[in-house]
Amino acid sequence: QKVHPLGFRLGIYRTWDARWFAPSTEYGKQLIEDLKIRRFLQKSLVRADVARIEIEKAGDSVRVIIHSGRPGFIIGKIKIKES
């Protein structure tokens, strides 16, 4: 049987792309929020050569780390409206 290359390396050479914990009642909401963040950034940064998006959540704070081949294209690019 074949092993997925990413799953094989998790915890050894590579870490998870999302680092957060949620109780079982909040897990679905957190996961959907995570996917929305990723989709928004991938649509906004199509030409920025984004290789990886990491999301860390702790309490009420969210940290998004974007790994890109063209970081100068990202700086000053995104304007987020808080609602």
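Being a predicted model, the structure only gives us computed values, none of them experimental. (Residues numbered from 1 in each chain as written. Predicted model: local features only at pLDDT ≥ 70, side-chain atom pairs only at ≥ 80, totals over all residues. Heavy atoms only, no water.)

> So, the packing of aromatic side chains: which residues are in play, and what are the values?
Using the criterion set out here, one finds one aromatic pair in the structure. Here the aromatic rings of Trp-20 and Tyr-27 are separated by 5.5 Å at their centres, their planes lie at 40°, and the arrangement is tilted. Between Lys-57 and the ring centre of Trp-20, over which it is positioned, the NZ or CZ distance is 4.9 Å. One cation-aromatic arrangement involves Arg-70 over Phe-73; the distance from NZ or CZ to the ring centre is 5.3 Å. (Phe/Tyr/Trp six-rings, centres within 6.5 Å; stacked < 30°, edge-to-face > 60°. Lys NZ or Arg CZ within 6 Å of the ring centre and 35° of its normal.)

> Account for the layout of surface pockets, with residues named and values stated.
Volume-wise, the second largest pocket comes out at about 210 Å³. If you trace the second largest pocket, you find 14 residues lining it, with Gln-30, Glu-33, Lys-57, Gly-59 and Val-62 closest to the centre. Of all the elements in the fold, those that place two or more residues in the lining of the second largest pocket are helix H2 (27-44), strand E2 (50-58) and strand E3 (61-68). Looking at which element gives the most residues to the lining of the second largest pocket, the answer is H2, with three residues. Of the residues belonging to the lining of the second largest pocket, the class tally is seven nonpolar, three polar and four charged. (1 Å grid on protein atoms, 1.4 Å probe; cavity = no way out; pocket = protein on both sides within 12 Å on 5 of 7 lines; lining within 4 Å. Points joined across faces, edges and corners; volume = space filled by probe spheres on them. Helix = DSSP H or I, 4+ residues; strand = E, 2+ residues; numbered from the N terminus. Nonpolar A, V, L, I, M, F, W, Y, C, P; charged D, E, K, R; others polar.)

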